[in-house]
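# Structural overview
Chain by chain, the residues:
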Amino acid sequence: MNLRRGAGRLILGFVLLVALHFYARPRLWDSRAAPDFLLLALMLFAIRARPGMAALAGFVVGLGADVLTPAHFGAGALSHTVVGYLAAWGRAVFFPHNLMVNAGFFAGAVILRNLILLLASGSGSALLGPDFLVWSTLQAITTAVAGTVILMFFRNWFAIRVA
Amino acid sequence: MARPRPSGSWLAPGRGGGIGGPATRSDTLLFVVCLVLSVGAIAMPDELSGALAERLRNTALAPMLWLQQRAVEGRTSRARFAAMQAERDSVAFAAQTLAEVSAENERLRALLGLRARAGAATIPAEVLHQTVPTDGRTLILSAGRAAGVPPDVPVIAPEGLVGLVVSAGRLTSVAMTWAHPDFRVSASTETGEVLGIVAPSPTVEASSAFLEFRGVAFRDTVVAGTLVVTSGLGGVYPRGIPIGRVAGVRKEELGWERVYRLAPLVNPGRLMHVLILTEKRAGLAPQAFR
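## A word on the interface of chain A and chain B
The partner chain B presents 52 residues to the 63 residues of chain A that form the contact. Counting residues per element, the ones that place at least two in the side of chain A that touches chain B are α1 (2–28), α2 (37–48), α3 (51–68), α4 (75–90), α5 (99–120) and α6 (130–154) of chain A. No other element matches α3 of chain A, which puts 11 residues into the side of chain A that touches chain B. Here the side of chain A that touches chain B is composed, by residue class, of 38 nonpolar, 16 polar and nine charged.

## Description of the sheet that holds strand β4 (residues 160–168) of chain B
All names here are of chain B. In spatial order, the strands read β1-β2-β5-β4-β3-β12; together these six strands close into a barrel with antiparallel pairing. Averaged over all pairs of adjacent strands, the angle between strand axes in this sheet comes to 45°, irrespective of strand direction. In this sheet, strand β12 (residues 273–277) lies alongside strand β3 (residues 154–157) in antiparallel orientation, the contact comprising two bridges. Paired with Ile 156 across the strands is Leu 275, a residue of β12.

## Let's talk about the pairing of strand β1 (residues 122–128) of chain B
Residues and elements named next belong to chain B. Buried residues dominate β1, accounting for five of its seven residues. Pairing between β1 and strand β2 (residues 138–141): two bridges, direction antiparallel. By the bridge assignment, Val 127 is partnered in β2 with Leu 141.

## Side note on unusual backbone geometry
Positive phi, close to 65°, is recorded for Asp 152 of chain B, a residue that is not glycine. Summarising the element assignment, Asp 152 of chain B is placed in the loop between β2 and β3.

Here is what the cut-offs are and how they apply
- Residues numbered from 1 in each chain as written.
- Chains lettered and ligands numbered in written order.
- Predicted model: local features only at pLDDT ≥ 70, side-chain atom pairs only at ≥ 80, totals over all residues.
- Contact = placed C-beta atoms within 7 Å.
- Helix = DSSP H or I, 4+ residues; strand = E, 2+ residues; numbered from the N terminus.
- Nonpolar A, V, L, I, M, F, W, Y, C, P; charged D, E, K, R; others polar.
- Pairing = 2+ DSSP bridges.
- Axes fitted to C-alpha atoms, helices over the stretch in contact; angles between N-to-C directions.
- Buried ≥ 20, exposed ≤ 12 C-beta atoms within 10 Å, placed from the backbone.

These figures capture arrangement, not role.
Set out below in structure tokens:
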């Protein structure tokens, strides 16, 4: 019974993040600096999943990103796959019980995702431009803040222990 | 009754934030399969990937896009209400003399034996921005074939040219903006004296993205601040849509060509609302843009 309730809350948590991404984000923020709730969902999944499943989840989320920004199809899938796998694998290194460590984890994921995405889409020169230096940094900060707030209020839903 | 998950589960050992074990062989295999599929998607021909993306947009992602469209419409209507009201008052004032001028124009065209001037047919659309850094190069627009959007038609904003519709799905369409590396448009100065090709700059400046006005004959000089508009050549973009203002000379090619740096008038990353031009024949007056 508890397991079913836990699974229900977990699914509800991910639905909440999808709703935040597609409904709340466009109403409130400039898209370039807005928190990426889909990447946040991927990270919350990766923290508790096996690396293989996290890579698969990253591939699915990335494919969705490619479909919605078809400038360079496949670049999103590649970047999210790598980030998902590394996040699940890296749990062993970054002990994720601390709220600030989790925030850094989310920010690092955004930077790494954007770095791989720009390189895979043949935009290496953009790494020196505002797309990466300014907007990616702002997005990493806002995503980390949003992730921290979500962990503070919904950590039981995602079954994540935070000290 | 809570029971521990079997080792073959998707959950890592020590769920709830504990330290998991190293990746198993099956994890590595799944990761490699996903990587291969991603690389395959990158190498996929544009036609195939475009068709796949359109199918997914119209099926699996349709509810999400519908949700985002409602959100953008809500934000647009809230943010633009005051500006729209002010513009409506100005237009209403200008329209008081429009009927008289229009009738006079028709009489004069009839006297000269000219056919009636075709109007510019447009379809409004909301821009559905995403959070990845390549978002400004292609934009998802909230109008598709169902709203009458054909492929290969220009997309404009109140400030000037945004880009071109590259594919039109049933409910949404994809626009390639001037920031896309493949974007090209035949252009001229506002007076039409100097012709060239506008393309995105391959180098990235520290402060902002720029366009290039290429292929300008060495004998022609364009002063800084000159407005560059679409020339109407090529049959895709009508004449007169503002693209940008000349910001200086970028390079000179061996005494036969000058390349000018162009500051674009439209920022695709901040657009909320665009117009899709479905009538290509009609020329547009640059003064119509602000």
